[in-house]
Amino acid sequence: MSGTSISFGSASTFTTDVSDTALAFDSNTGQIVIIFRNNANSNYGTGVVGTVSGTSISFGSLTVFESADSQYNAVAFDSSNNKAVVAYRDAGNAFYGTAVVGTISGTSISFGTPVVFESASTWYCAATYDSAAKKVAISYQDDGNAGAATLKVGTVSGTSITFNSPTLLTSEATNAISSGYDSNSEKVVVSFYDAIVEAGRSRVYQPAYTATNNTDFIGITDQAIADTATGAVNRLRFLCHTIFLALFMILLVLVLMHRKQTRRTLRLTLLAQRCLLLAQTEMMLMSTHYLQRLMLVRRCL
(Lines give C-alpha, C1' and ligand atoms only; values in the text may rest on other atoms or scores of the structure.)
Protein backbone atom coordinates (compact mmCIF):
# COMPACT_ATOMS: atom_id res chain seq x y z
CA MET A 1 0.00 0.00 0.00
CA SER A 2 1.13 3.49 -0.83
CA GLY A 3 -0.96 6.49 0.15
CA THR A 4 -4.51 5.74 -0.97
CA SER A 5 -3.58 3.06 -3.51
CA ILE A 6 -2.61 -0.61 -3.35
CA SER A 7 -0.58 -2.75 -5.75
CA PHE A 8 -0.21 -6.51 -6.00
CA GLY A 9 2.59 -8.91 -6.85
CA SER A 10 2.27 -11.93 -9.13
CA ALA A 11 -0.21 -14.67 -8.22
CA SER A 12 1.25 -17.95 -6.93
CA THR A 13 -0.51 -21.32 -7.04
CA PHE A 14 -0.47 -23.64 -4.01
CA THR A 15 -2.88 -26.18 -5.58
CA THR A 16 -5.72 -26.38 -8.09
CA ASP A 17 -9.49 -26.43 -7.54
CA VAL A 18 -10.10 -25.31 -3.93
CA SER A 19 -12.99 -23.81 -1.97
CA ASP A 20 -13.85 -22.79 1.61
CA THR A 21 -10.45 -21.13 2.09
CA ALA A 22 -9.34 -19.38 5.27
CA LEU A 23 -5.99 -17.99 6.38
CA ALA A 24 -4.17 -16.71 9.45
CA PHE A 25 -0.84 -15.02 10.10
CA ASP A 26 1.70 -16.91 12.22
CA SER A 27 3.23 -14.12 14.31
CA ASN A 28 5.86 -16.53 15.62
CA THR A 29 7.41 -17.50 12.27
CA GLY A 30 6.12 -14.60 10.18
CA GLN A 31 4.38 -16.96 7.76
CA ILE A 32 0.86 -17.48 6.44
CA VAL A 33 -1.28 -20.54 7.18
CA ILE A 34 -3.89 -21.34 4.53
CA ILE A 35 -6.70 -23.80 5.23
CA PHE A 36 -8.95 -25.03 2.43
CA ARG A 37 -11.23 -27.69 1.05
CA ASN A 38 -9.17 -29.51 -1.56
CA ASN A 39 -11.67 -30.24 -4.33
CA ALA A 40 -8.89 -31.92 -6.30
CA ASN A 41 -8.44 -34.47 -3.50
CA SER A 42 -11.91 -35.71 -2.46
CA ASN A 43 -12.70 -32.37 -0.75
CA TYR A 44 -10.31 -33.26 2.08
CA GLY A 45 -9.52 -30.57 4.63
CA THR A 46 -5.97 -29.44 3.87
CA GLY A 47 -3.43 -26.92 5.10
CA VAL A 48 -0.35 -25.28 3.62
CA VAL A 49 2.25 -22.79 4.85
CA GLY A 50 3.12 -19.71 2.75
CA THR A 51 6.29 -17.64 3.06
CA VAL A 52 6.24 -14.06 1.79
CA SER A 53 9.35 -12.53 0.23
CA GLY A 54 9.03 -9.07 -1.28
CA THR A 55 5.90 -9.10 -3.44
CA SER A 56 5.82 -12.88 -3.95
CA ILE A 57 4.85 -15.90 -1.86
CA SER A 58 6.09 -19.49 -1.92
CA PHE A 59 4.42 -22.55 -0.43
CA GLY A 60 5.42 -25.73 1.36
CA SER A 61 3.82 -29.14 0.94
CA LEU A 62 0.11 -29.76 1.45
CA THR A 63 -0.98 -31.51 4.66
CA VAL A 64 -4.38 -33.14 5.18
CA PHE A 65 -6.04 -32.46 8.55
CA GLU A 66 -9.36 -34.17 7.77
CA SER A 67 -9.70 -37.16 5.41
CA ALA A 68 -13.27 -36.21 4.62
CA ASP A 69 -15.18 -33.30 3.17
CA SER A 70 -14.39 -30.22 5.31
CA GLN A 71 -16.73 -27.28 4.88
CA TYR A 72 -16.96 -23.70 6.19
CA ASN A 73 -13.32 -23.75 7.22
CA ALA A 74 -11.99 -21.10 9.63
CA VAL A 75 -8.59 -20.64 11.25
CA ALA A 76 -7.06 -18.49 14.01
CA PHE A 77 -3.48 -18.30 15.28
CA ASP A 78 -2.94 -18.81 19.02
CA SER A 79 0.13 -16.64 19.67
CA SER A 80 0.54 -17.77 23.29
CA ASN A 81 0.95 -21.41 22.22
CA ASN A 82 2.19 -20.73 18.66
CA LYS A 83 -0.51 -22.97 17.19
CA ALA A 84 -3.05 -22.63 14.39
CA VAL A 85 -6.58 -23.64 15.40
CA VAL A 86 -8.84 -24.81 12.57
CA ALA A 87 -12.64 -25.03 12.87
CA TYR A 88 -14.81 -26.71 10.24
CA ARG A 89 -17.96 -28.66 9.45
CA ASP A 90 -17.02 -32.31 9.15
CA ALA A 91 -19.14 -33.88 6.41
CA GLY A 92 -17.53 -37.24 7.18
CA ASN A 93 -18.93 -37.20 10.73
CA ALA A 94 -22.60 -36.14 10.54
CA PHE A 95 -21.54 -32.55 9.75
CA TYR A 96 -20.43 -32.05 13.37
CA GLY A 97 -18.53 -28.90 14.29
CA THR A 98 -14.89 -29.98 14.65
CA ALA A 99 -11.59 -28.33 15.51
CA VAL A 100 -7.96 -29.37 15.10
CA VAL A 101 -4.65 -27.83 16.23
CA GLY A 102 -1.85 -27.26 13.73
CA THR A 103 1.87 -26.77 14.39
CA ILE A 104 4.03 -24.86 11.90
CA SER A 105 7.63 -26.01 11.45
CA GLY A 106 9.73 -24.61 8.63
CA THR A 107 7.56 -24.59 5.51
CA SER A 108 5.22 -27.37 6.63
CA ILE A 109 2.35 -27.83 9.06
CA SER A 110 1.30 -30.88 11.07
CA PHE A 111 -2.00 -31.49 12.84
CA GLY A 112 -3.17 -33.15 16.04
CA THR A 113 -6.29 -35.25 16.48
CA PRO A 114 -9.59 -33.53 15.50
CA VAL A 115 -11.92 -32.67 18.41
CA VAL A 116 -15.71 -32.29 18.10
CA PHE A 117 -16.92 -29.02 19.67
CA GLU A 118 -20.56 -29.35 18.56
CA SER A 119 -22.32 -32.72 18.24
CA ALA A 120 -24.87 -31.43 15.77
CA SER A 121 -24.90 -30.18 12.21
CA THR A 122 -22.80 -27.00 12.14
CA TRP A 123 -22.58 -24.20 9.57
CA TYR A 124 -20.68 -20.94 9.01
CA CYS A 125 -17.69 -21.45 11.32
CA ALA A 126 -15.64 -18.44 12.41
CA ALA A 127 -12.52 -18.48 14.60
CA THR A 128 -10.84 -15.65 16.52
CA TYR A 129 -7.96 -15.61 19.00
CA ASP A 130 -8.46 -13.61 22.19
CA SER A 131 -4.95 -12.52 23.21
CA ALA A 132 -6.08 -11.24 26.63
CA ALA A 133 -7.79 -14.48 27.63
CA LYS A 134 -5.29 -16.58 25.61
CA LYS A 135 -8.17 -18.58 24.19
CA VAL A 136 -9.76 -19.22 20.80
CA ALA A 137 -13.40 -18.23 20.29
CA ILE A 138 -15.26 -20.32 17.69
CA SER A 139 -18.63 -19.02 16.46
CA TYR A 140 -21.03 -21.05 14.34
CA GLN A 141 -24.62 -21.76 13.37
CA ASP A 142 -25.97 -24.63 15.48
CA ASP A 143 -28.41 -26.60 13.35
CA GLY A 144 -29.23 -28.67 16.41
CA ASN A 145 -30.67 -25.56 18.07
CA ALA A 146 -32.85 -24.03 15.33
CA GLY A 147 -29.83 -22.53 13.59
CA ALA A 148 -28.97 -20.22 16.48
CA ALA A 149 -25.63 -18.36 16.48
CA THR A 150 -23.47 -19.99 19.12
CA LEU A 151 -19.98 -19.47 20.51
CA LYS A 152 -17.58 -21.81 22.26
CA VAL A 153 -14.24 -20.93 23.84
CA GLY A 154 -11.35 -23.32 23.28
CA THR A 155 -8.13 -23.71 25.27
CA VAL A 156 -5.10 -25.12 23.48
CA SER A 157 -2.81 -27.58 25.24
CA GLY A 158 -0.05 -29.15 23.18
CA THR A 159 -1.60 -30.39 19.95
CA SER A 160 -5.14 -30.65 21.35
CA ILE A 161 -7.92 -28.29 22.35
CA THR A 162 -10.75 -28.42 24.91
CA PHE A 163 -13.95 -26.38 24.95
CA ASN A 164 -16.24 -24.84 27.54
CA SER A 165 -20.04 -24.86 27.50
CA PRO A 166 -21.70 -23.07 24.57
CA THR A 167 -22.80 -19.44 24.75
CA LEU A 168 -25.95 -18.55 22.83
CA LEU A 169 -25.46 -15.32 20.86
CA THR A 170 -29.04 -15.24 19.58
CA SER A 171 -31.96 -17.65 19.61
CA GLU A 172 -33.01 -16.85 16.03
CA ALA A 173 -31.87 -18.68 12.92
CA THR A 174 -28.68 -17.14 11.56
CA ASN A 175 -26.12 -17.44 8.78
CA ALA A 176 -23.07 -15.65 7.34
CA ILE A 177 -21.22 -15.63 10.68
CA SER A 178 -17.87 -13.87 11.06
CA SER A 179 -15.81 -12.72 14.03
CA GLY A 180 -12.88 -10.53 15.02
CA TYR A 181 -10.94 -9.40 18.09
CA ASP A 182 -10.84 -5.82 19.38
CA SER A 183 -7.46 -5.58 21.11
CA ASN A 184 -8.23 -2.13 22.56
CA SER A 185 -11.29 -3.23 24.53
CA GLU A 186 -10.11 -6.89 24.73
CA LYS A 187 -13.43 -8.17 23.39
CA VAL A 188 -14.52 -10.64 20.71
CA VAL A 189 -17.04 -9.26 18.20
CA VAL A 190 -19.30 -11.66 16.29
CA SER A 191 -21.40 -10.53 13.33
CA PHE A 192 -24.14 -12.53 11.61
CA TYR A 193 -27.29 -12.30 9.53
CA ASP A 194 -30.44 -12.76 11.60
CA ALA A 195 -32.94 -14.52 9.34
CA ILE A 196 -35.91 -13.70 11.57
CA VAL A 197 -35.52 -9.92 11.73
CA GLU A 198 -33.78 -9.96 8.33
CA ALA A 199 -30.90 -7.77 9.43
CA GLY A 200 -27.20 -7.93 10.11
CA ARG A 201 -26.45 -8.02 13.82
CA SER A 202 -23.37 -8.09 16.07
CA ARG A 203 -22.65 -9.25 19.59
CA VAL A 204 -19.71 -8.45 21.87
CA TYR A 205 -18.29 -11.25 23.97
CA GLN A 206 -15.51 -11.50 26.56
CA PRO A 207 -14.37 -14.92 27.81
CA ALA A 208 -13.85 -15.27 31.55
CA TYR A 209 -10.18 -15.48 32.52
CA THR A 210 -7.73 -14.70 35.29
CA ALA A 211 -5.31 -11.85 34.55
CA THR A 212 -1.68 -12.83 35.12
CA ASN A 213 0.12 -9.84 33.66
CA ASN A 214 1.70 -8.98 37.03
CA THR A 215 4.34 -11.64 36.34
CA ASP A 216 6.26 -9.22 34.09
CA PHE A 217 7.14 -6.90 37.01
CA ILE A 218 10.91 -7.06 37.55
CA GLY A 219 11.73 -4.12 39.80
CA ILE A 220 12.07 -0.32 40.09
CA THR A 221 14.54 2.06 38.45
CA ASP A 222 16.43 4.75 40.33
CA GLN A 223 16.20 7.18 37.43
CA ALA A 224 13.75 8.22 34.74
CA ILE A 225 13.91 6.08 31.60
CA ALA A 226 12.46 7.22 28.30
CA ASP A 227 10.28 4.93 26.20
CA THR A 228 12.39 2.34 24.25
CA ALA A 229 15.52 3.34 26.24
CA THR A 230 17.46 1.09 28.63
CA GLY A 231 18.36 1.45 32.30
CA ALA A 232 19.25 -0.43 35.47
CA VAL A 233 16.51 -1.96 37.60
CA ASN A 234 17.21 -1.87 41.33
CA ARG A 235 15.62 -5.01 42.76
CA LEU A 236 17.80 -4.97 45.92
CA ARG A 237 16.67 -1.54 47.04
CA PHE A 238 13.02 -2.45 46.71
CA LEU A 239 13.62 -5.68 48.64
CA CYS A 240 15.47 -3.85 51.44
CA HIS A 241 12.67 -1.31 51.82
CA THR A 242 10.13 -4.13 52.08
CA ILE A 243 12.15 -6.02 54.71
CA PHE A 244 12.76 -2.78 56.64
CA LEU A 245 9.06 -2.07 56.93
CA ALA A 246 8.18 -5.66 57.79
CA LEU A 247 10.70 -5.80 60.67
CA PHE A 248 9.40 -2.62 62.28
CA MET A 249 5.81 -3.72 61.97
CA ILE A 250 6.70 -6.99 63.71
CA LEU A 251 8.46 -5.06 66.49
CA LEU A 252 5.40 -2.90 67.01
CA VAL A 253 3.11 -5.93 67.26
CA LEU A 254 5.39 -7.61 69.81
CA VAL A 255 5.46 -4.51 71.97
CA LEU A 256 1.71 -4.04 71.90
CA MET A 257 1.24 -7.64 73.03
CA HIS A 258 2.62 -6.70 76.43
CA ARG A 259 -0.16 -5.66 78.74
CA LYS A 260 1.96 -4.21 81.56
CA GLN A 261 3.61 -0.89 80.84
CA THR A 262 6.97 -1.46 82.55
CA ARG A 263 9.81 0.97 82.03
CA ARG A 264 11.37 -1.43 79.54
CA THR A 265 8.23 -1.93 77.50
CA LEU A 266 7.59 1.83 77.63
CA ARG A 267 10.98 2.44 76.04
CA LEU A 268 10.23 -0.24 73.45
CA THR A 269 6.87 1.37 72.79
CA LEU A 270 8.48 4.76 72.17
CA LEU A 271 11.08 3.11 69.97
CA ALA A 272 8.41 1.27 68.03
CA GLN A 273 6.42 4.47 67.56
CA ARG A 274 9.48 6.25 66.19
CA CYS A 275 10.21 3.29 63.95
CA LEU A 276 6.63 3.27 62.72
CA LEU A 277 6.79 6.98 61.95
CA LEU A 278 10.05 6.42 60.09
CA ALA A 279 8.54 3.49 58.18
CA GLN A 280 5.48 5.53 57.23
CA THR A 281 7.68 8.38 55.97
CA GLU A 282 9.77 5.88 54.02
CA MET A 283 6.67 4.31 52.50
CA MET A 284 5.39 7.71 51.38
CA LEU A 285 8.69 8.39 49.66
CA MET A 286 8.70 4.89 48.17
CA SER A 287 5.15 5.27 46.86
CA THR A 288 5.91 8.57 45.12
CA HIS A 289 9.21 7.28 43.73
CA TYR A 290 8.02 3.86 42.63
CA LEU A 291 4.72 4.90 41.08
CA GLN A 292 6.61 7.38 38.90
CA ARG A 293 9.04 4.69 37.75
CA LEU A 294 6.70 1.71 37.48
CA MET A 295 4.88 2.81 34.31
CA LEU A 296 8.16 3.74 32.66
CA VAL A 297 9.65 0.31 33.36
CA ARG A 298 6.56 -1.56 32.11
CA ARG A 299 6.48 0.51 28.91
CA CYS A 300 10.07 -0.41 28.16
CA LEU A 301 9.59 -4.16 28.66
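Residues numbered from 1 in each chain as written. Predicted model: local features only at pLDDT ≥ 70, side-chain atom pairs only at ≥ 80, totals over all residues. Heavy atoms only, no water.

1. Looking at the overall build of the chain
For the chain, the helix and strand inventory stands at two helices and 17 strands. Taking all 301 residues of the chain together, 35% fall into the buried category. A separation threshold of at least 6 residues defines the contact pool for the chain, and within that pool the share at least 24 residues apart is 43%. (Helix = DSSP H or I, 4+ residues; strand = E, 2+ residues; numbered from the N terminus. Buried < 20%, exposed > 50% of the residue type's maximum accessible area, 1.4 Å probe, protein only. Contact = heavy atoms within 4.5 Å.)

2. Topic: the pairing of strand S15 (residues 199–205)
Of the pairings in the sheet, the one linking strand S14 (residues 187–194) to S15 comprises seven bridges and is antiparallel in character. Across the sheet, Asp-194 pairs through a bridge with Ala-199, a residue of S15. From the end of S14 to the start of S15, which pair antiparallel, there are four residues, and Glu-198 there has a positive phi angle of about 55°. (Pairing = 2+ DSSP bridges.)

3. Considering the environment of Thr-15
Within the element layout of this structure, Thr-15 appears in the segment before strand S1 (18–26). C-alpha of Thr-15 to C-alpha of Phe-59: the two residues are 44 residues apart in sequence and 9.6 Å apart in space. The residues contacting Thr-15, other than those within four sequence positions of it, are Phe-36, Asn-38 and Leu-62.

4. Some words on the pairing of S1
As paired strands, S1 and strand S2 (residues 31–38) are joined by seven bridges and run antiparallel to one another. Directly across from Val-18, in S2, lies its bridge partner Asn-38. In sequence, S1 turns back onto S2 through a hairpin of four residues, with Gly-30 there showing a positive phi of about 75°.

5. Focus on the packing of aromatic side chains
In this structure the tally under the stated criterion is nine aromatic pairs. By the ring-pair criterion, three or more aromatic residues cluster together here, those being Phe-14, Phe-36 and Phe-59. A cation sits over an aromatic face here: Arg-89 above Trp-123, 3.8 Å from the ring centre. (Phe/Tyr/Trp six-rings, centres within 6.5 Å; stacked < 30°, edge-to-face > 60°. Lys NZ or Arg CZ within 6 Å of the ring centre and 35° of its normal.)

6. Here we look at a nonpolar patch on the surface
Residues Met-1, Ile-6 and Phe-8 make up a contiguous nonpolar surface patch of about 460 Å² in total accessible area. The residue Met-1 is located in the segment before S1 in this model. By relative accessible area, which is 85% here, Met-1 ends up exposed. (Patch = residues over 30% accessible without salt bridge, like charges linked within 9 Å, V, L, I, M, F, W, Y side chains within 5 Å. Areas by Shrake-Rupley, 256 points an atom, 1.4 Å probe, with all protein chains shown as cover. Salt bridge = Lys/Arg side-chain N within 4 Å of Asp/Glu carboxyl O.)

7. A short note on the side chain of Ser-121
One can find Ser-121 in strand S9 (residues 115–130). Within the structure, the side chain of Ser-121 is placed 3.0 Å from the side chain of Arg-89, a separation counted as a polar contact. Polar side-chain contacts of Ser-121 include one of 3.3 Å to the side chain of Trp-123. (Polar contact = N/O pair within 3.5 Å; in protein donor to acceptor, adjacent residues only side chain to side chain.)

8. Digging into the pattern of salt bridges
Under the criterion given, the structure shown has three salt bridges. Measuring nitrogen to oxygen at the nearest pair gives 3.7 Å for the salt bridge that ties Arg-201 to Glu-172. Here Glu-172 lies in strand S13 (residues 167–182) and Arg-201 lies in strand S15, a separation of 29 residues in the sequence. Among the residues examined, Glu-172 registers a relative accessible area of 23% and is labelled partly exposed. By sharing partners, the salt bridges in this structure join Glu-172, Asp-194 and Arg-201 into a single network.

9. Details of the confidence of the model for the chain
Of the residues in the chain, 71% reach a pLDDT of 70 or more, and the chain-wide mean stands at 84. This stretch, residues 294–301, has a pLDDT under 50; its non-local contacts, to residues over four places away or in other chains, come to 17 contacts. (pLDDT = per-residue confidence, 0-100.)

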